[in-house]
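# Reading the structure
As a plain string of letters, each chain reads:
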Amino acid sequence: MKIKTALILCAGYGKRLNPITLRTPKPLLRINEITLLENCINLIHSLGINKILINTFYLSEKIEKFLNNKKFNLEIKIINDGSNILDTGGGILNLINSSNETDFMIFNPDTVWNENYKKYIKDMEKFYFLNKIKNILLLANENLSFDKNLKGDFNLKKNIIKKDELNHLIYTGCQIINKSLFDSYEVGNFSISNIWNKLIDKDDLYGFESFEDFRHLTDLNIYKKLLKN
């Protein structure tokens, strides 16, 4: 089995990158002459996934214009959050409600994805289906983070995510999730961490470790450093 539909979360304000993001949505910022969004789409395409759902809210018309102009050779559907921004959990639920699929690969385009992630993501996908689980997060050790201010939120024990006093693993911005985890939720403003925390309490949230250098646009200072790197 394999994932057929990917989601990209593009609704956020990107306030920590002001004033740049006052006019340009964060997914359309460029590193190495390519936007974060296109970079993410290219990785998804290389994984053999041909259907992408993208949520928008802030400066949504600019993201729509970009996608229309690029004419990617993929099935891409844009779904706006609506009258209010939905946060990560609500945004994901709003996206998956428009699909008949049950399993989705979700990406945060704030991460500077590259081809080296493919092997980790494919192995994570195999683990997900082989073990018939409902949610798995791609994690990286804080030591691999370009932004040294980022600290770990999780630990792993035999691929089960734990939260301890000392945590060294960071969520990279890629996960696989099953639709059934949203059965008790309605579309609204809530964080995906609500679901994660419930699963952690039951030792039922899984993780897979990536050993690729982790570059993520956390704020304006990091963006400027990444441009020079």
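Residues numbered from 1 in each chain as written. Predicted model: local features only at pLDDT ≥ 70, side-chain atom pairs only at ≥ 80, totals over all residues. Heavy atoms only, no water.

The name an unreviewed UniProt entry gives the protein is Nucleotidyltransferase family protein, with Pelagibacter ubique as the organism.

Following Asn-18, the chain continues into Pro-19 via a peptide bond in cis, with omega recorded as 10°. Assignment of secondary structure puts Pro-19 in the loop between strand S1 (5-10) and strand S2 (30-31). In this structure, Lys-71 is a non-glycine residue whose phi angle is positive, near 50°. For Lys-71, the position within the fold is in the loop between helix H2 (60-70) and strand S5 (75-80). Its relative accessible area of 67% is what places Lys-71 among the exposed residues. Backbone geometry places Asp-87, a non-glycine residue, at a positive phi of 65°. (Helix = DSSP H or I, 4+ residues; strand = E, 2+ residues; numbered from the N terminus. Buried < 20%, exposed > 50% of the residue type's maximum accessible area, 1.4 Å probe, protein only.)

When the UniProt feature table is mapped to this numbering, "domain: Nucleotidyl transferase" (unreviewed entry) covers residues 6-125. As annotated, residues 6-125 comprises 33% helix and 22% strand, and the C-alpha atoms at either end are separated by 12 Å. (UniProt positions renumbered as here; feature names shortened; annotations may be inferred.)

Another aspect to go through is a positive patch on the surface. Together, Lys-2, Lys-4, Lys-122 and Lys-126 make up a positively charged patch on the protein surface. Structurally, Lys-2 can be placed in the segment before S1. Lys-2 sits in the partly exposed class, given a relative accessible area of 39%. (Patch = residues over 30% accessible without salt bridge, like charges linked within 9 Å, V, L, I, M, F, W, Y side chains within 5 Å. Areas by Shrake-Rupley, 256 points an atom, 1.4 Å probe, with all protein chains shown as cover. Salt bridge = Lys/Arg side-chain N within 4 Å of Asp/Glu carboxyl O. Lys, Arg positive; Asp, Glu negative; His and termini not counted. Charge placed at Lys NZ, Arg CZ, Asp CG, Glu CD.)

Looking now at the pairing of S5. The pairing of strand S4 (residues 51-56) with S5 spans 6 bridges and is parallel. Looking across to S5, one finds that Leu-53 is bridged to Lys-77. With H2 bridging S4 and its parallel neighbour S5, the resulting β-α-β unit is right-handed. (Pairing = 2+ DSSP bridges. Right-handed = clockwise from strand over helix to strand, strands pointing away.)

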